Amino acid sequence: MINRVLIRIKVVQMIYNFMLTRSVKSPEMAKNELQQSFDKSYELYNYLLKLILDLTELQDRYLDEAKHKFLPTREDLYPNMKFVKNKLVKLLQENEQLQLYFKEHKLSWKDNEIFLKLMLNKIHKSDIYQKYMENDQNELDEDCNFWKQIFKRIIIDDDDLLEELENQSMYWSCDDLDFMGQFVIKTIKRLNDGDKHPIMPQFKDQEDADYGIELFTATISQEELNTATIEKFIDSRHWDSDRIALIDRVILLVALAEVRSFDKIPTSVTLNEYIEIAKSFSAPSSSAFVNGVLNAAIRELKFTGVIRKQ
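Residues numbered from 1 in each chain as written. Predicted model: local features only at pLDDT ≥ 70, side-chain atom pairs only at ≥ 80, totals over all residues. Heavy atoms only, no water.

Notes on the environment of Ile298
By the element assignment, Ile298 lies in helix H15 (residues 286–303). Sequence spacing of Ile298 and Gln222 is 76 residues, and the spatial spacing of their C-alpha atoms is 15 Å. Sequence-distant contacts of Ile298, defined by excluding residues within four places in its chain, comprise Val259, Thr267 and Ile307. (Helix = DSSP H or I, 4+ residues; strand = E, 2+ residues; numbered from the N terminus. Contact = heavy atoms within 4.5 Å.)

Remarks on unusual backbone geometry
Even without glycine at this site, Lys106 takes up a positive phi of about 55°. Summarising the element assignment, Lys106 is placed in the loop between helix H5 (96–105) and helix H6 (113–125).

Overview of a negative patch on the surface
A contiguous patch of negative charge on the surface is contributed by Asp157, Asp159, Glu163, Glu166 and Asp178. Counting residues per element, the negative patch draws most heavily on helix H9 (residues 159–168), which supplies three residues. You can see Asp157 is positioned in the loop between helix H8 (140–155) and H9. A relative accessible area of 57% means that Asp157 is categorised as exposed. (Patch = residues over 30% accessible without salt bridge, like charges linked within 9 Å, V, L, I, M, F, W, Y side chains within 5 Å. Areas by Shrake-Rupley, 256 points an atom, 1.4 Å probe, with all protein chains shown as cover. Salt bridge = Lys/Arg side-chain N within 4 Å of Asp/Glu carboxyl O. Lys, Arg positive; Asp, Glu negative; His and termini not counted. Charge placed at Lys NZ, Arg CZ, Asp CG, Glu CD. Buried < 20%, exposed > 50% of the residue type's maximum accessible area, 1.4 Å probe, protein only.)

What to know about the nonpolar core
With 103 residues, the main nonpolar core has Ile123, Trp147 and Tyr274 as its most contacted residues. Not counting residues up to four positions away in its chain, the partners in contact with Tyr274 are Arg8, Val12, Tyr211, Leu215, Ile251, Val254, Ala255, Glu258, Val290 and Leu294. (Core = buried A, V, L, I, M, F, W, Y, C linked by side-chain atoms within 4.5 Å.)

Here we look at the pattern of salt bridges
When the charged atoms of two side chains lie near each other, side chains of opposite charge can form a pair. Following the criterion strictly, the structure yields 24 salt bridges and no others. The partner of Asp208 in a salt bridge is Arg4, and the shortest N-O contact between them spans 2.6 Å. Here Asp208 is found in helix H11 (residues 206–221), whereas its partner Arg4 is found in helix H1 (residues 4–21), with 204 residues between them in sequence.

Concerning the packing of aromatic side chains
Applying the stated criterion to the full structure yields 12 aromatic pairs. Taken together, a centroid distance of 5.7 Å and an interplanar angle of 90° make the contact between Tyr42 and Tyr101 edge-to-face. Taken together, the residues Tyr42 in helix H2 (residues 27–67) and Tyr101 in helix H5 connect sequence positions 59 residues apart. Residue Tyr42 shares its accessibility class with Tyr101, and that shared class is buried. One aromatic cluster in this structure is built from Phe83, Tyr129, Tyr132, Phe146 and Trp147. Here the basic side chain of Lys50 rests over the ring of Phe102, its NZ or CZ set 5.6 Å away from the ring centre. Lying across the ring of Tyr132, Lys82 places its NZ or CZ 4.4 Å from the centre. (Phe/Tyr/Trp six-rings, centres within 6.5 Å; stacked < 30°, edge-to-face > 60°. Lys NZ or Arg CZ within 6 Å of the ring centre and 35° of its normal.)

Things to note about the environment of Phe146
Along the polypeptide, Phe146 turns up in helix H8. We classify Phe146 as buried; its relative accessible area is 3%. Along the chain, Phe146 and Thr21 lie 125 residues apart, while their C-alpha atoms are 45 Å from each other.

Section: the confidence of the model for the protein chain
With 97% of its residues at a pLDDT of 70 or more, the protein chain shows a mean pLDDT of 94. H11 holds the highest mean pLDDT among the elements of the protein chain, 98, whereas helix H3 (residues 74–77) holds the lowest, 81. (pLDDT = per-residue confidence, 0-100.)

Quick word on the side chain of Ser126
Within the secondary structure, Ser126 sits in the loop between H6 and helix H7 (127–134). Polar side-chain contacts of Ser126 include one of 2.6 Å to the backbone oxygen of Ile123. A distance of 3.2 Å separates a polar atom in the side chain of Ser126 from the backbone nitrogen of Tyr129. (Polar contact = N/O pair within 3.5 Å; in protein donor to acceptor, adjacent residues only side chain to side chain.)

This is the structure we're talking about:
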């Protein structure tokens, strides 16, 4: 599920890109790219679930090939099947919604067997795998916990996976991998809890589905107004207006558009969220700059009655 934290990040990134390319890109083109970015994030969530299934299938193939080699050992003939008989995997295989999405979007890792083998080898070498395979229990709770730990400790932070994803799509980044990886972990928990609808929707509700596009549109339409507000509250004693980084201006433009246009979102939430974005995507001093300008702007907007919310 794409939450508002990721939506804000993507809007900031798309506005930044639009500012750099506006001579050749219309706002409508940029808005369409933003929607495509949301769709690709949800595709990544499903793609990571598919990774579980394709890794399992590769392991199953390895075991079958070992049985049919020229001089199989006893271990080859009677392998430990715990990994391929994982109950979570079975639930994913039987989930009609998931299988339909895989089919409609042609999602598969099988064309990249080198990467699959590399990832499976990393899993085999992990202490998580060793402990799991040594345990004779075969319960859903243990099987789900195994894959949760694999995602937390191996998959989400894997540099090879990130490189592979970035090569496949310009819309997939470390932020997408981190967020969608966390949602995969939540999905595993839902499956473990017996949730009848474990696969998460793209957005929580229609309001969230509309939020990103509306925020993008508001930022573009209010650019001149909010630029004037930003300039008004830049303290020339500490900040040179002409040298403020573009990313900092973009963060402030998006934040002020949210303040003006979304009555249900408290100003404290907006302030905190965009300070965090500044910490992640700009210079070390940027969060203090964003905090100072945004705080001053919000105070004036409240004092003048432009906004009437907490």
